[in-house]
Amino acid sequence: MHRLFISDLHLRPEPDDLNRAFRRWCMGPACDADEVWILGDLFEYWLGDDIGTQLYAKPLESLQVLAQNTPVHFICGNRDFLCGKPFAQQVGLQIHTEPAVLRDQGLPRVVLMHGDLLCTDDHDYQRYRAIVHMRWLQWLFVHTPRSFRAGIAEKIRERSQHKQQMAPTTSIGDANPAAADQVLHRHRAQVLIHGHTHRPAHHQHKHGERYVLPDWRPRVPGSFGWLEQVDSSFGFRTLGAR
């Protein structure tokens, strides 16, 4: 089994180096995999399928080409939780609710999440998340005028950026180790993979190990990372400079 896991690319609508790197990844390393898993925040924001499928036409083209030969799986993040069936049908991928559990005969059981649910110490965020994930509220939001949705998204981004600038590196926005260990134990898994925190690392827990995916807003230009699974082995990889 050969799988690739990515998250937190935060692609923007306008063409830039990040979008070009994503296309290189889709046309290159991802083509050689048996499966590709995107664990949320692929997009900087997603205001509904009616807007998103138009704004992100170019990166969606890259995904479409990839999905023609490689199964692509998607778990929504905190920036793109409004991705729905029209998005999935256009690209040709499958959306999963979290946590998704991979059960391969003879291989470690793997739990996949975006990761924001593991940040249990951030009580304000968890309350916010519970509200915006209400189905009726999501339905109401995607049926409001596009200009209104764009304004809401801009305010949310500004608030998020301000919070990141004010918070120290050891902020409560990080995943809680006990919460991660509980997920491993609950699903009788040996491996937990998630993103969201932008703190790539490999952690050992009582009930298994945890891999935190890197984001694609690198401090070193050209270094875009993902996690690769080859049977029972896991390792970080980077696209590197062209």
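Predicted model only: the values in this text are computed from it and were never measured.

Thresholds, definitions, all that
Residues numbered from 1 in each chain as written. Predicted model: local features only at pLDDT ≥ 70, side-chain atom pairs only at ≥ 80, totals over all residues. Heavy atoms only, no water. Helix = DSSP H or I, 4+ residues; strand = E, 2+ residues; numbered from the N terminus. Buried < 20%, exposed > 50% of the residue type's maximum accessible area, 1.4 Å probe, protein only. Areas by Shrake-Rupley, 256 points an atom, 1.4 Å probe, with all protein chains shown as cover. Pairing = 2+ DSSP bridges. Axes fitted to C-alpha atoms, helices over the stretch in contact; angles between N-to-C directions. Contact = heavy atoms within 4.5 Å. Phe/Tyr/Trp six-rings, centres within 6.5 Å; stacked < 30°, edge-to-face > 60°. 1 Å grid on protein atoms, 1.4 Å probe; cavity = no way out; pocket = protein on both sides within 12 Å on 5 of 7 lines; lining within 4 Å. Points joined across faces, edges and corners; volume = space filled by probe spheres on them. Disulfide = S-S within 2.5 Å. Polar contact = N/O pair within 3.5 Å; in protein donor to acceptor, adjacent residues only side chain to side chain.

Trainee: Can you lay out the overall build of the protein for me, pointing to particular residues and giving the numbers?
Mentor: Looking only at helices and strands, the protein has eight helices and eleven strands in total. Residue burial in the protein is summarised as follows: out of 242 residues, 53% are buried. Looking at the protein as shown, the accessible area adds up to about 12,300 Å², and 53% of this sits on carbon and sulfur atoms.

Trainee: Kindly report on the sheet that holds strand β2 (residues 35-38), identifying the contributing residues and their values.
Mentor: Sheet strands pair by backbone hydrogen bonding; their relative direction is either parallel or antiparallel. In spatial order, the strands read β4-β3-β2-β1-β10-β11; together these six strands make up an open sheet with mixed pairing. Of all strands in the sheet, those with a lone pairing partner are β4 (94-96) and β11 (233-238), marking the two edges. Neighbour-to-neighbour, the strand axes of this sheet turn through a mean angle of 25°, independent of strand direction. As judged from the four bridges shared by strand β1 (residues 2-6) and β2, these two strands associate in the parallel manner. Following the sheet pairing, Phe5 is matched in β2 by Trp37.

Trainee: Describe in detail the side chain of Asp215, supporting the description with residues and values.
Mentor: Structurally, Asp215 can be placed in the loop between β9 (208-212) and β10 (225-230). Residue Asp215 is classed as buried on the basis of its relative accessible area of 9%. The residues touching Asp215, leaving out its near neighbours within four places in the chain, are Ser7, Asp8 and His198.

Trainee: Requested: an account of the packing of aromatic side chains, with residues and values cited.
Mentor: Scanning the model with the defined rule gives 14 aromatic pairs in all. Summarising the aromatic geometry, the rings of Trp25 and Trp226 are spaced 6.0 Å apart at their centres and angled 65° between planes, so their arrangement reads as edge-to-face. Here Trp226 lies in strand β10 and Trp25 lies in helix α1 (residues 17-27), a separation of 201 residues in the sequence. Considered together, Trp25 and Trp226 belong to a single accessibility category, that of buried residues. Between Tyr211 and Phe236 the ring centres are 6.0 Å apart and the planes differ by 65°, which places this aromatic pair in the edge-to-face class. Linking Tyr211 in strand β9 with Phe236 in strand β11, this pair joins segments that are 25 residues apart in sequence. Among the aromatic residues, ring-to-ring pairing joins Phe43, Tyr45, Trp46, Tyr56, Phe74 and Phe87 into one connected group.

Trainee: Report on the layout of surface pockets, specifying residues and quantitative values.
Mentor: Empty space within the second largest pocket amounts to approximately 590 Å³. For the lining of the second largest pocket, the elements supplying multiple residues, two or more each, are α2 (49-55), β4 and α6 (135-142). Of all the elements, α6 adds the most residues to the lining of the second largest pocket, at four residues.

Trainee: Which residues make up the state of the cysteines, and what values do they have?
Mentor: Cysteine pairs can be linked by a disulfide, which is a covalent bond between their two sulfur atoms. By the definition in use, this model includes zero disulfides. No disulfide involves Cys76; its sulfur sits 5.3 Å from that of Cys83, the nearest cysteine.

Trainee: Before we move on, can you summarise the side chain of His73 with the specific residues and values?
Mentor: Its location among the elements puts His73 in strand β3 (residues 72-75). Take His73: its relative accessible area is 10%, and that puts it in the buried class. Of the polar contacts made by the side chain of His73, one reaches the side chain of His96; its length is 2.8 Å. Aside from chain neighbours lying at most four places away, what touches His73 is Glu35, Val36, Trp37, Ile38, Gln94 and His96.

Trainee: Describe helix α8 (residues 177-186), with residues and values.
Mentor: When we look at burial in α8, the residues that qualify are Ala179, Ala180, Asp181, Val183 and Leu184. In this fold, the buried residues of α8 make contact with β6 (110-112), β7 (191-194), β8 (201-205) and β9. For α8, the N-terminal cap is Asn176; the gap from its side-chain oxygen to the backbone nitrogen of Ala178 is 2.8 Å. In the stretch just after α8, Arg188 is the one whose phi turns positive, near 50°.

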